[in-house]
Amino acid sequence: MPCPTRSNELVFFVNGRKVIERNADPEVTLLTFLRKNLRLTGTKYACGRGGRGACTVMVSGHDPVSKKIRLRHFSVTACLVPICFLYGAAVTTVEGVGSIQTRIHPVQERIAKSHGTQCGFCTPGMVMSMYTLLRNHLEPSEEQLMEALGGNLCRCTGYRPIVASGRTFCMESNGCQQKGTGKCCLDQGENDSSPLDRKREMCTELFAKEEFQPLDSTQELIFPPELLRMAENPEKCTLTFHGERVTWISPATLKDLLELKVKHPEAPLILGNTSLGPAMKSNEHFHPVLLSPVRISELCVVSRTSDGLTIDAGCSLAQVKDILGEMVSKLPEEKTQTYRALLKHLKSLGGQQIRNMASLGGHVISRHYYSDLNPILAVSNATLNLVSEAEGMRQIPLNEHFLAGLASADLKPEEILESVHIPHSHKWEFVSAFRQAECWQNALPDVNAGMKVLFEEGTDTIADLNLAYGGVGAATVSAHQSCQQLRGRRWNELMLDEACRLLLEEVSLPGSAPGGRVEFKRILVVSFFFKFYLEVLQELKKLLKLFPVPDTDSRHYPEIPDRFLSALEDFPITIPQGLQTYQSVDSHQPLQDPVGRPIMHLSGLKHATGEAIFCDDIPVVDKELVMALVTSTRAHAKIISIDASEALELPGVVDVITAKDIPGTNGAEDDKLLAVDEVLCVGQLVCAVVAETEVQVKQAIKKVKITYEDLEPVIFSIEDAIKHNSFLCPEKKLEQGNIEEAFEKVDQIVEGEVHVGGQEHFYMETQRVLVIPKTEDKELDIYVSIQDPAHVQKTVSCTLSIPINRITCHIKRVGGGFGGKLGRPAVFGAIAAVGAVKTGRPIRLVLDREDDMLITGGRHPLFGKYKVGFMNSGRIKALDIECYINGGCTLDDSELVTEFLILKLENAYKIRNLRFRGRACMTNLPSNTAFRGFGFPQGALVTESCITAVAAKCGLPPEKIREQNMYKTVDKTIYKQAFSPETLVRCWNECLDKSSFHSRRRQVEEFNKKNYWKKKGIAVIPMKFSVGFAATSYHQAAALIHIYTDGSVLVTHGGNELGQGIHTKMLQVASHELKIPMSYMHICETSTATVPNTVATAASIGSDVNGKAVQNACQILLKRLEPIMKQNPEGTWEDWIEAAFEQRISLSATGYFSRGYKAFMDWEKKGEGDPFPYYVYGAACSEVEIDCLTGAHKKIRTDIVMDACYSLNPAIDIGQIEGAFIQGMGLYTTEELKYSPEGVLYSRGPGEYKIPTITDIPEEFNVSLLPSSQTPLTIYSSKGLGESGMFLGSSVFFGIADAVASARRERDAAVDFTVRSPATPEWVRMACADRFTEMIPRDDRKTFKPWAIPIA
Ligand SMILES: Cc1cc2nc3c(=O)[nH]c(=O)nc-3n(C[C@H](O)[C@H](O)[C@H](O)COP(=O)(O)OP(=O)(O)OC[C@H]3O[C@@H](n4cnc5c(N)ncnc54)[C@H](O)[C@@H]3O)c2cc1C
Ligand code: FES
């Protein structure tokens, strides 16, 4: 087994083509290789840590677990797969699945046509997960579908349409899920015309399933015969791949591996790389030699023995799951308790891709403190079979000593783990597993546990007890002493109390414990044990009934009250169902006229095939350099020096750009592009390094040495900012009526506080820019992912001190923006431009997920105080709200956000005496910025919390208070803008009706009476959302339309395609106006060279104003063509265009929406104005169920009724509503930013920051567009819906609060508790006060330094 000094050839296949790498570098991942070497850019970078699924590809190879040559297709995240792992494997990427150039695969067709793509950045990954599922199961079950998609995140769609597309392949699927229920439009028996084209009636189908091509497995790529031959005659010798820094050694036999382990005792074994990979990426570890057992089939064997199961360390967790499933189906229940417990956690551990890659051995040996499997294996007396060359086999127990890493209980350096033996469970033995995480899937657990109890036969006396917890220490913790003391005790309430006391003593967590949430974790420790207690009690009773033991009577066991039984049930994973209802177009509308029809996103198919080009997919240009940013590590400090000398000496490093290199203006005085003397937050940009390659630049930024001198004060929280009088702008205030007088006349007054956390945009495509300097006239081409190209142009112009006309910005499409790509990309564009000009070479700057989250800021956290005066009837007479937002260290959009917040605070309510005040706090955090809804989602939560508090005081349901105080007739807002709330009232009533609210409210109450540990809650929330900017000049827009001599039309307009379907809508407008099919039209890109001086695509108004501009351009062109058309009325479009050209008629026109929508606001004098062109109304009802013991919740049903007026494209509009709703739901339930006491953002990736996953969407999710009766002045009377749905996500929050209030009422706890968003499991559990919350030790906050600090 000599280890060759020269590299072997690495042979694998990608999309049927052979790849031979002669110098394979073990540090190169498959993602980099695909994108950079093979130019297959369909596979996207989104986080680099396997947490998002955008880089999913399929790997096929010989399944070593099966004895015969059997193929295994499995999905993996390419960012974690080193290319060296792929020897002899076949990789299929989205490009290999299908292409619009050749043949689109049914998976790709269906996801696009079901409207499952918006920005499209996640789509290739979704396609690959679904495709892999279909390669393994031609007709999968819906459960398998959910499992396959669990590891893929989408920030735009809200998942519903993606599930809908996948469901068309499932065996259960029979088209519309409501078919036959009388709710489906197809049930009305009108088969003569398409459901989309009938008279103007309500329609519930957004796509026609009948059009889909069938799935034909014979069309799939075959496994390359050459690889099959390689699998049949495997290479016997060790393969070695030498990279620049790392050597990869892959032996073919166990014997060789053991020899190598002697030679390289420090070298880790690399299996799934899901543990090693992320650690190496964050540079915690560097390993010059890696030993890969991937080719050793001896490490993938499963042996079933009479006393248990021995699973080899090389088996993947997905394989372990299959094996355990098989055991559970074959063996008697009493033997499979441990296997069931493991299976339970294997379903939620990571996503499918992680389970496919991660190995059992890697999992066990990694001994992560959060490991889901180790606690179960530890309590079940699992043993580890170790092997080494010198000592052969030996066994060690997988116990607390091993898990704590004690040298005496650990592997020796030359040993490896061969297999894990998991014994069967026995009669009178019970094993269970518990886990609580932020989300059900794809989230690391806060706390988990494995529990096992063995009884003396036929009794309830504990013979043996084992409890192990994860998440509560640096390693899995075994409650060894507690268990010992409980042995011999009977399984009853006394034992329970004693156990809780002992556990809290033994499994103790200091207040400053890493990860925070300390009190919550303490509660979970005892809550899980309580669940176990109940479970076992129930099982004991069953067992005694089945196997009566003389002299024992199950009646002696404590009774479980019926009201406690639901504590035993976990929330099941269900497949979301729902209806999307909209008004179909008029039956007289010509078929080719697309306006009002659910037209697929223009780029839908390209998204699905990976052919849609995003900024970083642009091929490397000649002499291109890579830039990376150096950021401040201090929250407030003076910069003493910047020493880049070491960085500059590294190979490949070309330059370091500091503020001194900026030829023009370095940003604003109080918002510098690059820091000069002082830094104001961790994450502030200090300088940038430019190098030849990504690897070089990443190494170089670490070598830039910055010395600081800390400055005072350092302010992070709103509370501290108020104390220090630290504000970014003057207070904004609106007032009406006489608030003081009104407070004197009311029956009751309530005061309260509301804390709303911030939110990360978490767009799939991180910030990125490519700047190409031209040799002539200082021109620059900038390719950038942005919502506001004119802003980039202006910023670059000021920074370089060159005129705007030399700079052209190009935007093809943006992988999600949500407000996060309004201002910031200009900063990155400007710094990259300085680098490009200084070096004279093109510069590419692509932010890592961690840097993106650290640097860019997000939604403003808010702290609100309210005082509300009301009559006992619930009528609110006076409301005084004071809001503070955490603006971070610079102004950015904080003043505007404060204004919008105040303007929108009244939401849907008419309250005569009002006072709203708002201030933006200056803190030492990265500057917060625009985010979908612009202050409204935070502010209106304060208003709705007031309503809930009033309801609690009046003893009335909140919906009664809402209804009573809602605008009902034509009226004026607090800023004196007149409006009619007729549609608001219609939305509200229709939502109550469609959701059967009142009867469900009664059912919820009934449920709550019968259940103590599970509670349901229901809430219905009305919404008045103002669209647009509060300034007329922001409502102008332009378009440029060219008609070419072949009749084809090129449309350009000022809006950017962010996924919201603006380009699709613009072509619908153009097609309608020019009366030609959309197939004649094309949009190439948004460019500052074609449409100058554009306004940001934001504030829900983009399609509206740009639509008007496109309409105007089309009308100008049609007017010019009219005489020709009249002369030849029978002519075709092509004839007319040809004739127009002959007659020298210009076939190019600029359209302008010059009048704009009038909007103004006078803050200075009266606080009056007409700031908004129009309002969107809506209402949402959500029902949830909470688990009072863990704080988890399940969304049972959501009904949304939204007023789109005459929707331009119902599929896109419903997609916007659903996507915004789910994003709002994330804001209010799971998305939590965590900052260290030093102001460092901890939550910088999908591992720590939880956006909703596919399993988080409501079980039933209905959206209906209100049939319209009004005709606002918008384009074709359709309203902009980009943002409004966000706030409706709060219906889930108030549903949870309703359930919590019910629990608190029952436990005689106060119901006017402080509102905190997000309503995380931690908040819910802590709010559900009970005997366990009373038991836990509470920390005096003054006595320790917490791990994280609150900033809202
Ligand atoms: C996105 C993501 C989500 C995750 N979610 C969860 C979750 O919800 N719950 C959870 O518990 N875990 C989770 N994990 C962690 C995951 O379970 C582990 O990373 C994984 O099981 C490690 O296995 P691996 O094969 O990838 O190990 P590798 O990274 O390949 O190796 C890890 C370590 O194990 C050693 N090793 C491997 N095999 C052997 C052997 N046979 N003998 C001796 N040493 C060996 C290696 O030397 C190395 O030090 C997640 C990971 C990721 C990336
Ligand atoms: S469409 Fe899924 S992230 Fe944009």
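Refer to the structure presented above.
Residues numbered from 1 in each chain as written. Chains lettered and ligands numbered in written order. Predicted model: local features only at pLDDT ≥ 70, side-chain atom pairs only at ≥ 80, totals over all residues. Heavy atoms only, no water.

Some remarks on the packing of helix α28 (residues 936–954) against helix α37 (residues 1290–1306)
How two helices sit against one another is set out by the angle between their axes and by the gap between those axes.
Stage number 1. Relative orientation of the contacting elements α28 and α37 amounts to 30 degrees, with a least axis distance of 12 Å. With respect to each other, α28 and α37 are oriented roughly parallel. Considering how the two elements wind past one another, α28 and α37 form a crossing that is right-handed. In this structure, α28 uses Leu 941, Glu 944, Ser 945 and Thr 948 to contact α37, whose residues at the interface are Ser 1290, Phe 1293 and Phe 1294.
Stage number 2. A class-by-class count of the residues in the contact of α28 with α37 yields three nonpolar, three polar and one charged. (Axes fitted to C-alpha atoms, helices over the stretch in contact; angles between N-to-C directions. Helix = DSSP H or I, 4+ residues; strand = E, 2+ residues; numbered from the N terminus. Parallel < 35°, antiparallel > 145°, perpendicular 65-115°, else oblique. Left-handed = near helix turned anticlockwise from the far one by under 90°. Contact = heavy atoms within 4.5 Å. Nonpolar A, V, L, I, M, F, W, Y, C, P; charged D, E, K, R; others polar.)

A word on the side chain of Asp 1298
Stage number 1. Within the secondary structure, Asp 1298 is located in helix α37.
Stage number 2. Relative accessible area serves as the criterion here: at 13%, Asp 1298 is assigned to the buried category.
Stage number 3. Apart from residues no more than four positions distant in its own chain, Asp 1298 is found in contact with Arg 1001, Gly 1017 and Ile 1018. (Buried < 20%, exposed > 50% of the residue type's maximum accessible area, 1.4 Å probe, protein only.)

With respect to the packing of aromatic side chains
Stage number 1. Counted under the stated rule, the structure contains 41 aromatic pairs.
Stage number 2. Centroid distance Phe 12 to Phe 33: 5.7 Å. Interplanar angle 55 degrees. Geometry classified as tilted. One end of the pair, Phe 12, is in strand β1 (residues 10–14); the other, Phe 33, is in helix α1 (residues 30–37), with 21 residues separating them in the sequence. Comparing Phe 12 with Phe 33, the two get one shared label, buried.
Stage number 3. Look at Tyr 967 and Phe 979: their rings are 4.8 Å apart centre to centre, the planes differ by 80 degrees, and that puts the pair in the edge-to-face class. Of this pair, Tyr 967 sits in the loop between α29 (958–965) and β35 (971–972) while Phe 979 sits in strand β36 (residues 978–979), and the two are twelve residues apart along the sequence.
Stage number 4. Given a relative accessible area of 1%, Tyr 967 falls into the buried group.
Stage number 5. With a relative accessible area of 6%, Phe 979 lands in the buried category.
Stage number 6. Above the ring of Phe 614, the side-chain terminus of Arg 813 is found at 5.8 Å from the ring centroid.
Stage number 7. In this structure, Arg 1307 is placed above the aromatic ring of Tyr 1012, and the distance from its NZ or CZ to the ring centre is 4.1 Å. (Phe/Tyr/Trp six-rings, centres within 6.5 Å; stacked < 30°, edge-to-face > 60°. Lys NZ or Arg CZ within 6 Å of the ring centre and 35° of its normal.)

Section: the pairing of strand β24 (residues 685–691)
Stage number 1. Counting buried positions along β24 gives seven out of seven residues, so the element sits mostly inside the fold.
Stage number 2. Where strand β20 (residues 625–631) and β24 come together, six bridges link them in antiparallel fashion. By the bridge assignment, Val 626 is partnered in β24 with Ala 691.
Stage number 3. One ladder, built from four bridges, connects strand β22 (residues 653–657) with β24; its direction is antiparallel. Note that in β24 the partner of Val 656 across the bridge is Val 689. (Pairing = 2+ DSSP bridges.)

Some remarks on the site of ligand 1
Stage number 1. Taken together, 32 residues surround ligand 1, and among them Leu 271, Thr 274, Leu 276, Ser 359 and Asp 372 come closest.
Stage number 2. At 2.8 Å, a backbone N or O of Leu 276 approaches an oxygen atom of ligand 1.
Stage number 3. The contact in question runs from an oxygen atom of ligand 1 to an N or O atom on the side chain of His 363, over 3.0 Å.
Stage number 4. The protein chains hide 92% of the 990 Å² of surface that ligand 1 would expose on its own.
Stage number 5. Those elements that provide at least two residues to the shell around ligand 1 are α13 (360–366) and β14 (416–423). (Near = heavy atom within 4 Å. Polar contact = N/O pair within 3.5 Å; in protein donor to acceptor, adjacent residues only side chain to side chain. Areas by Shrake-Rupley, 256 points an atom, 1.4 Å probe, with all protein chains shown as cover.)

Side note on the side chain of Lys 44
Stage number 1. Looking at the element boundaries, Lys 44 is found in the loop between α1 and β3 (56–62).
Stage number 2. Judged by its relative accessible area of 1%, Lys 44 is buried.
Stage number 3. Here the side chain of Lys 44 touches Thr 41 through a polar contact of 2.7 Å, landing on its backbone oxygen.
Stage number 4. Beyond its immediate stretch of four places on either side in the chain, Lys 44 contacts Leu 31, Arg 35, Ala 54, Cys 55, Phe 121, Pro 124, Ala 612, Phe 614 and Asp 617.

Examining the packing of helix α32 (residues 1062–1074) against helix α33 (residues 1102–1127)
Stage number 1. The contact between α32 and α33 brings their axes to 9 Å, and the two run at 30 degrees. By the angle class used here, α32 and α33 are roughly parallel. In this structure, the crossing between α32 and α33 has a hand that is right-handed. Residues Ile 1062, Lys 1065, Met 1066, Val 1069, Ala 1070, Glu 1073 and Leu 1074 of α32 pack against Gly 1102, Ser 1103, Asn 1106, Gly 1107, Val 1110, Gln 1111, Cys 1114, Gln 1115 and Leu 1118 of α33.

Some points on the sheet that holds strand β42 (residues 1148–1153)
Stage number 1. Taken in spatial order, the four strands line up as β40-β39-β38-β42 in an open sheet, and their pairing is mixed. Each edge of the open sheet carries a strand with a single partner, namely β40 (1081–1082) and β42.
Stage number 2. Sheet topology places strand β38 (residues 1037–1043) next to β42; six bridges connect them, and they run antiparallel. The residue bridging Leu 1040 from the neighbouring strand is Thr 1150, located in β42.
Stage number 3. On the sheet, α33 packs against β38, β39 (1049–1053) and β42 and is oriented at approximately 140 degrees with respect to β42.

A short note on the sheet that holds strand β21 (residues 637–643)
Strand pairs in the sheet, formed through backbone hydrogen bonds, run parallel or antiparallel to each other.
Stage number 1. Taken in spatial order, the three strands make up an open sheet running β23-β21-β25, and their pairing is antiparallel. Each edge of the sheet is formed by a strand with only one pairing partner; in this case those strands are β23 (678–679) and β25 (705–710).
Stage number 2. Inspection of the sheet shows β21 paired to β23 by two bridges, in the antiparallel sense. Residue Ala 637 lies in a different strand from β23, and its bridge partner there is Val 679.

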